Amino acid sequence: MADLPGYLRTCLHTGKLALLAILVSGGVVLQILACALYDNWWPMLTVIMYVLLPMPLLFFAGSNGSSLFSESDNSWVNATKFLTGASAIGSIAIPAILKHAGVIGWGALAMELSSYFIFVLAIMCYIRMNDDDDNGYNSL
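Residues numbered from 1 in each chain as written. Predicted model: local features only at pLDDT ≥ 70, side-chain atom pairs only at ≥ 80, totals over all residues. Heavy atoms only, no water.

Participant: What exactly am I supposed to notice about the overall build of the chain here?
Facilitator: Broken down by element type, the chain carries 5 helices and 0 strands. Each helix (α) and strand (β) of the chain, taken in turn from the N terminus, gives the series α-α-α-α-α. In the chain, buried positions account for 26% of the 140 residues. Carbon and sulfur atoms provide 71% of the accessible area of the chain, an area that totals close to 9,000 Å². (Helix = DSSP H or I, 4+ residues; strand = E, 2+ residues; numbered from the N terminus. Buried < 20%, exposed > 50% of the residue type's maximum accessible area, 1.4 Å probe, protein only. Areas by Shrake-Rupley, 256 points an atom, 1.4 Å probe, with all protein chains shown as cover.)

What follows is the structure, encoded as structure tokens:
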């Protein structure tokens, strides 16, 4: 991508950011629809997990995000991996537990899980976008 003109690179980065915005917006819409369509706001509990999910990364990982993808003897990095994984599993477990308890229906469960997977897709696209960056746009 280094041989492309600057204006074309800027256009491609803008398109990538627009895709991320559309994915996150779609996830939020599905989250709200899972509650509003079935007149049951219990599925909003997963928003707590969405808020808690990046916190270990922000507090313990520091600026070196590459240490999360490799083995490490650092106990803070291991704690970060554990807490992030627990939050990610909680994002799936909360709707499943609510369905098992009979609090929400199958439609709300499907929308909640779809919302989660769209958020995960957006995060993976963001990570991939930052890996491809070669002109200094490595942070929000």
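Participant: Mind showing me how you'd approach unusual backbone geometry here?
Facilitator: Backbone geometry at Asp39 places phi at a positive 50°, although glycine is not the residue there. With respect to the element layout, Asp39 can be found in the loop between helix 1 (6-36) and helix 2 (46-52). Classification of Asp39 by relative accessible area gives exposed; the value is 69%.

Participant: Teacher, can you tell me more about the packing of aromatic side chains here?
Facilitator: Between two aromatic rings, the relevant description is the distance of the centres plus the angle of the planes. Tallying each qualifying case throughout the model produces 2 aromatic pairs. Centroid distance Tyr50 to Phe119: 4.9 Å. Interplanar angle 70°. Geometry classified as edge-to-face. With Tyr50 in helix 2 and Phe119 in helix 5 (residues 106-132), the pair connects residues that are 69 residues apart, well separated along the chain. Residue class for Tyr50 comes out buried when judged on its relative accessible area of 18%. Relative to Phe117, the ring of Tyr116 lies with its centre 5.3 Å away and its plane at 70°, an arrangement referred to as edge-to-face. (Phe/Tyr/Trp six-rings, centres within 6.5 Å; stacked < 30°, edge-to-face > 60°.)

Participant: For this particular structure, what's the right way to read the side chain of Glu112?
Facilitator: Here Glu112 lies in helix 5. In this structure Glu112 touches Gln31, Ala34, Pro43, Thr46, Tyr50 and Pro95, once residues within four positions along its chain are discounted. (Contact = heavy atoms within 4.5 Å.)

Participant: It is not clear to me how the confidence of the model for the chain should be interpreted in this structure. Could you clarify?
Facilitator: As a general rule, the predicted coordinates of low-pLDDT regions are not to be interpreted in detail. Averaged over all residues, the pLDDT of the chain is 83; the fraction at 70 or higher stands at 84%. Ranking the elements of the chain by mean pLDDT puts helix 3 (residues 55-61) last, at 76, and helix 4 (residues 75-100) first, at 89. Considering only residues more than four positions removed or in separate chains, one finds that residues 136-140, a stretch of pLDDT under 50, has 6 contacts. (pLDDT = per-residue confidence, 0-100.)

Participant: Explain helix 1 here, please?
Facilitator: An ideal rise of 1.5 Å per residue puts 45 Å on 31 residues; helix 1 measures up with 45 Å between its terminal C-alpha atoms. Within helix 1 the residues assigned to the buried category are His13, Leu20, Leu23, Gly27, Gln31, Ala34 and Cys35. (Expected span 1.5 Å × (residues − 1).)

Participant: It is not clear to me how the nonpolar core should be interpreted in this structure. Could you clarify?
Facilitator: Within soluble globular proteins, side chains that are nonpolar tend to cluster in buried spots. Formed by Tyr50, Leu53, Ala88, Tyr116 and Phe119, the largest nonpolar core amounts to 5 residues. In this structure Tyr116 touches Tyr50, Ala88, Ser91 and Ile92, once residues within four positions along its chain are discounted. (Core = buried A, V, L, I, M, F, W, Y, C linked by side-chain atoms within 4.5 Å.)

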